[in-house]
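So you can see what is in the structure, the chains are spelled out below.
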Amino acid sequence: VINDIPITQVNIDKGGQEHVGRKENYPFSELIHIARRIDWRFLLPNPALGKVACLGVKDRSHLEALQLFSQSLSILSEVDLDRGDEFGYDIVVISGSDIKGIQKATDMVKPGGCLYMESFGYFNQLLRNLKNDGGRINGLHLYGLRDYSRLLGEQGFTDIQFHWHWPNFRECTKIIPLEDKTVQYAFLYARRSIKARLRSLIGRLLLRLGLLESLVPHFSMIAKREGE
Amino acid sequence: MNAALKFVNENWVRLGLERFGDPQKLTSVLLTPRFQASSRVILLVFSDSKSVPVLAIKVPRLEGSDPSIESEVSVLQNIQSKRPGGFSSVPK
């Protein structure tokens, strides 16, 4: 099922017949390894994933982890969203930075639930498009963190946070809030050399100018829907 | 606010953390080690008054008891008890 993306709504229930959806079938070490892909859940108000929906998520390891550690996982396509159904998911996971996709995904989050988005900084997106689409830059979005915050605020979301995933989503070892203090620490990170201090200074300056998100290759956004 | 920060926030006084400032202004960097035996994530917690982390919170990736972390707590408490006032270089 997971390999056949994109697909119209598929619901993988842990209680169903899917062999791969049962944690007891995995040795502890493998379970830990799979769980690493969703370490971002510790950024949520509740790391226990309930009813989860995915939109545009193509990373197989991400889907596998979500399937294993959520109460249920639905993989949705934009067709499902266009139907305008009420969904009511605890967590909606989206990949990409398309504003229209985010607007649609917000309707799927239940009050008190969270939206989690993984996206790429502008320059990373540009490189990816050049590499994957033969030089075309169609679909390239230039949205800043303020744009996302404003959009989600208008949709009734609060506690909006942005994090830099270093070095990338799949091999992540640090998830750093895009805030002055944590960016400063991340650049220094136990080093006090002149080079590290200079890097830290530049990083904080870029953050204040609203440019850091363009340079950060991999970032995520978490927002909570009001109402609970 | 994530679950770990929420816990710290709600237990700020009970845990004797008032010296670190306002619990409403906590933020954290999440370390997600990838070495094979790593079964936990670590949150480095920053308060509004310090530019270095004031707390480290270890959270098991999987539900259930974590004997190794209980053992670590026991060792740290044992070391701190060796001298009145404990050791500033050892986590409390």
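Predicted model only: the values in this text are computed from it and were never measured.

(A) Here's a closer look at the interface of chain B and chain A. With 29 residues of chain B at the contact, the number on the chain A side is 31 residues. Overall, the association of chain B and chain A removes approximately 2,500 Å² of surface from exposure, summing both partners, and the carbon and sulfur fraction of that is 59%. Residue Asp39 of chain A is joined to Arg61 of chain B by a salt bridge in which the shortest nitrogen-to-oxygen separation is 2.7 Å. Counting across the chain B and chain A interface gives eleven residue pairs in polar contact (both at pLDDT 80 or more). Counting only elements with at least two residues in the side of chain B that touches chain A, the list comes to β1 (27–31), β2 (40–46) and β3 (55–60) of chain B. In terms of residues, the side of chain B that touches chain A owes the most to one element, β1 of chain B, which gives five residues.

(B) Fine view of the nonpolar core. Residues and elements named next belong to chain A. Ranked by size, the top nonpolar core spans 44 residues in total, and within it Trp40, Leu49, Leu66, Phe69, Ile91 and Val93 carry the most contacts. For this core, the element with the highest residue contribution is helix α2 (residues 60–69), accounting for five residues. Sequence-distant contacts of Val93, that is, excluding residues within four places in its chain, are made with Trp40, Val52, Ala53, Cys54, Leu55, Val57, His62, Leu66 and Tyr116. Core analysis: the next-biggest nonpolar cluster, separate from the first, contains 38 residues, Ala105, Val109, Leu152 and Leu212 among them.

(C) Fine view of the pattern of salt bridges. Enumeration over the complete set of coordinates arrives at eight salt bridges over all chains. The salt bridge involving Arg150 of chain A is made with Asp147 of chain A; its shortest N-O contact spans 3.5 Å. Pair noted here: Arg150 of chain A and Asp147 of chain A are both in helix α6 (residues 145–154), with a separation of three residues, about one helical turn. On the basis of relative accessible area, Arg150 of chain A is assigned to the exposed category, the value being 51%. Look at Asp147 of chain A and you get partly exposed, because its relative accessible area is 25%. Lys58 of chain B is the salt-bridge partner of Glu72 of chain B, the closest N and O atoms lying 2.8 Å from each other. Within this pair, whereas Glu72 of chain B is found in helix α2 (residues 67–80), its partner Lys58 of chain B is found in strand β3, the two being separated by 14 residues in sequence. According to the relative accessible area criterion, Glu72 of chain B is partly exposed, its value standing at 29%. Each of the salt bridges in this network shares a partner with another, and the network as a whole consists of Arg37, Asp59, Glu118 and Arg170 of chain A.

(D) Up close: the environment of Leu212 of chain A. Residue and element names in this part refer to chain A. Inspection of the secondary structure puts Leu212 in helix α9 (residues 212–215). Looking at Leu212, the relative accessible area reads 4%, which means it is buried. Separated by 48 residues in sequence, Leu212 and Trp164 place their C-alpha atoms 9.8 Å apart. Setting aside anything within four residues of it in sequence, one finds Leu212 in contact with Leu178, Val183, Gly203, Leu206 and Leu207.

Calculation notes
- Residues numbered from 1 in each chain as written.
- Chains lettered and ligands numbered in written order.
- Predicted model: local features only at pLDDT ≥ 70, side-chain atom pairs only at ≥ 80, totals over all residues.
- Heavy atoms only, no water.
- Contact = heavy atoms within 4.5 Å.
- Buried area = accessible area lost by both parts, 1.4 Å probe.
- Salt bridge = Lys/Arg side-chain N within 4 Å of Asp/Glu carboxyl O.
- Polar contact = N/O pair within 3.5 Å; in protein donor to acceptor, adjacent residues only side chain to side chain.
- Helix = DSSP H or I, 4+ residues; strand = E, 2+ residues; numbered from the N terminus.
- Core = buried A, V, L, I, M, F, W, Y, C linked by side-chain atoms within 4.5 Å.
- Buried < 20%, exposed > 50% of the residue type's maximum accessible area, 1.4 Å probe, protein only.

Keep in mind these values describe shape, not function.
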